[in-house]
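Listed below, chain by chain, are the residues.
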Amino acid sequence: MKTVVFRIWRGDATGGKFVDYTTEITEGLVVLDVVHKIQADQANDLACRWNCKAGKCGSCSAEVNGIPKLMCMTRMDTLNTDKPITIEPMRAFPSIRDLATDVSWNFRVKTKIKKFKPRKPDAEDGTWRMQQEDVDRVQEFRKCIECFLCQDVCHVLRDHHKHDEFIGPRFLVYTAALEMHPLDTEDRLPELKQSQGIGFCNITKCCTKVCPEHITITDNAIIPLKERVVDEFYDPFGWLWKKIRPKS
Ligand code: SF4
Ligand code: SF4
Ligand code: FES
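Since we're looking at a predicted model, the values are computed, not measured.

*Asks:* I'm lost on the packing of aromatic side chains in this one. Help?
*Replies:* Each aromatic ring pair is specified by the distance between its two centres and by the angle formed by the two planes. The full count for this structure, using the stated rule, is five aromatic pairs. When the ring of Phe107 is compared with that of Phe148, the centres are 5.6 Å apart and the planes differ by 75°; the resulting orientation is edge-to-face. One end of the pair, Phe107, is in helix α2 (residues 104-111); the other, Phe148, is in the loop between α3 (132-139) and α4 (149-153), and 41 residues separate them in sequence. Among the aromatic residues, those joined into a ring-pair cluster are Phe107, Phe148, Phe171 and Tyr174. For Lys193, the ring lying beneath its charged end belongs to Phe233, and the centroid distance is 5.1 Å.

Shown next as C-alpha cells:
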C-alpha cells in the first residue's frame, strides 16, 4: 500500500484547473483503476470515458504525465509514484468535461474518405483472387481501435490546429488500408494531396510511438501514401507516361 497524489484536470469547455487527490494504491492497479477509486471515494462527479478495461474499445484515452495513453493499459508500477501523477484530457480535441473530450470530429473526417470500391470478379470463375502478401500488407492497419491517441500527439492537430486541412495519422492509416487493398479500384490520391493535407506530415513518427496497437503508422502507411502522391503529381516521367500510354 502506498499513498500517491493524482493531479487530475477538472473543468469543461469554458475552462478548468488541476485538482490534487491523495489516495492509496495497491499492487497491480492501472491508472483507470485509481481514477475509478477517486471517483468512488472523493469525486463522484469526475467525468471519464471507458468501456472495456482491456485496451480494445479505445475509450479511455487521456494524457498521463503529458503522454497520450490508454488509462486502462497504463500500469501504476510503470510510473514514478513519488511525484504527483498528472491526468488530463486529450489536448487535440475540445473538452466536454474533466477527462472526457469531444472526438466527433474524427467520425466526420471518416465519412469524407472514399469508401472501398471493389473490382469486378475474375471472369473465368467469378471469384476474387489475391496474393497473400497483398492481404498481409493491410492486416496491421485493421488492428486500429480508434483511440485517437495518434491524432492527439500529432503536432499538426495538437499545436497547429489544422483540423480543417489535415485528416491526421488515424485516417492516413484508414486510407492506406483502402488504397493498398488488393481489390480496391478507387483513387484517393487527389484528396490526400489537397483537402486531406498529407503534405503537413513531416514524418516525426510521434504517432507510431503512442499507438497502443503498435501499428507502424509512419513507415507502413504514411510514407507509402506520400510516395504514391509524389509519383502521381510530381514525377514528370510518370505524368508523361500517363498522357501517352495507350488506353486499356
Ligand atoms: S509522423 Fe506525421 S502524422 Fe505522425 S505525428 Fe508526425 S507529423 Fe503527425
Ligand atoms: S492508429 Fe493506433 S493510435 Fe491511432 S487511433 Fe488507431 S489504434 Fe489508436
Ligand atoms: S477502457 Fe477500453 S481501451 Fe481502455
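*Asks:* Teacher, can you tell me more about the packing of helix α6 (residues 168-179) against helix α9 (residues 217-233) here?
*Replies:* The relative placement of two packed helices is expressed as an angle between their axes plus a distance between the axes. Interhelical geometry of α6 versus α9 gives an angle of 70° and a closest axis separation of 9 Å. Relative to α9, the element α6 is oriented roughly perpendicular. The way α6 lies across α9 gives a crossing that is left-handed. Residue-level inspection shows Pro169, Leu172, Val173, Thr175, Ala176 and Glu179 of α6 in contact with α9, the latter providing Ile217, Ala221, Ile222, Leu225 and Arg228. By residue class, the composition of the contact of α6 with α9 is eight nonpolar, one polar and two charged.

*Asks:* Help me understand the site of ligand 2 in this model?
*Replies:* Neighbouring ligand 2 are Cys144, Ile145, Glu146, Cys147, Phe148, Cys150, Arg170, Cys211, Pro212, Ile215 and Ile217. Counted by class, the shell around ligand 2 contains nine nonpolar, no polar and two charged residues.

*Asks:* Looking at this structure, I do not really get the site of ligand 1. What am I missing?
*Replies:* Taken together, Cys154, His155, Pro169, Cys201, Asn202, Ile203, Thr204, Lys205, Cys206, Cys207, Thr218 and Ile222 make up all the residues around ligand 1. Breaking the shell around ligand 1 down by element, the ones donating at least two residues are α8 (206-210) and α9. Split into classes, the residues belonging to the shell around ligand 1 amount to seven nonpolar, four polar and one charged.

*Asks:* Can you walk me through the pairing of strand β1 (residues 2-12) in this structure?
*Replies:* On a regular strand, each side chain points to the face opposite its neighbour's, so the side chains alternate between the two faces of the sheet. Bridge analysis of β1 against strand β2 (residues 15-25) gives eleven bridges, and the strand direction is antiparallel. Paired with Lys2 across the bridge in β2 is Ile25. Following β1, the chain reverses through two residues before pairing antiparallel with β2.

*Asks:* How do you make sense of unusual backbone geometry when you look at a structure like this?
*Replies:* The general pattern is negative phi for most residues beyond glycine and trans for most peptide bonds. We note that Lys53 has phi near 55°; this positive angle belongs to a residue other than glycine. With respect to the helices, strands and loops of the structure, Lys53 is situated in the loop between α1 (31-41) and β3 (61-64). Backbone geometry places Asp98, a non-glycine residue, at a positive phi of 50°. Within the secondary structure, Asp98 sits in the loop between β6 (95-97) and β7 (100-101).

*Asks:* So what exactly am I meant to see when it comes to α6 here?
*Replies:* Turn by turn, an α-helix covers 3.6 residues, leaving residues three or four places apart pointing in a common direction. If you check α6, its first and last C-alpha atoms are 16 Å apart, about what twelve residues at 1.5 Å a residue would give, namely 16 Å. Taken across its twelve residues, α6 has twelve buried, putting it largely inside the fold. Of all the positions in α6, only Gly168, Pro169, Arg170, Phe171, Leu172, Val173, Tyr174, Thr175, Ala176, Ala177, Leu178 and Glu179 are classed as buried.

*Asks:* I keep staring at the pattern of salt bridges and nothing clicks. Help me out?
*Replies:* Once the charged atoms of two side chains with opposite charge are near each other, the side chains can pair. Per the stated rule, a full pass over the model turns up 23 salt bridges. When the shortest N-O distance is used, the salt bridge between Arg158 and Glu63 registers 2.8 Å. Residue Arg158 is found in helix α5 (residues 155-158), and its partner Glu63 is found in strand β3; the two are separated by 95 residues along the sequence. An identical accessibility class is assigned to Arg158 and Glu63; each is buried. As a salt-bridge pair, Arg129 and Asp125 come within 2.8 Å of each other at their nearest N and O atoms. Exposure remark for Asp125: the relative accessible area of 38% places this residue in the partly exposed category. It is possible to trace a salt-bridge network through shared partners that takes in Arg10, Asp45, Arg97 and Asp98.

Calculation rules
Residues numbered from 1 in each chain as written. Chains lettered and ligands numbered in written order. Predicted model: local features only at pLDDT ≥ 70, side-chain atom pairs only at ≥ 80, totals over all residues. Heavy atoms only, no water. Phe/Tyr/Trp six-rings, centres within 6.5 Å; stacked < 30°, edge-to-face > 60°. Helix = DSSP H or I, 4+ residues; strand = E, 2+ residues; numbered from the N terminus. Lys NZ or Arg CZ within 6 Å of the ring centre and 35° of its normal. Axes fitted to C-alpha atoms, helices over the stretch in contact; angles between N-to-C directions. Parallel < 35°, antiparallel > 145°, perpendicular 65-115°, else oblique. Left-handed = near helix turned anticlockwise from the far one by under 90°. Contact = heavy atoms within 4.5 Å. Nonpolar A, V, L, I, M, F, W, Y, C, P; charged D, E, K, R; others polar. Near = heavy atom within 4 Å. Pairing = 2+ DSSP bridges. Expected span 1.5 Å × (residues − 1). Buried < 20%, exposed > 50% of the residue type's maximum accessible area, 1.4 Å probe, protein only. Salt bridge = Lys/Arg side-chain N within 4 Å of Asp/Glu carboxyl O.

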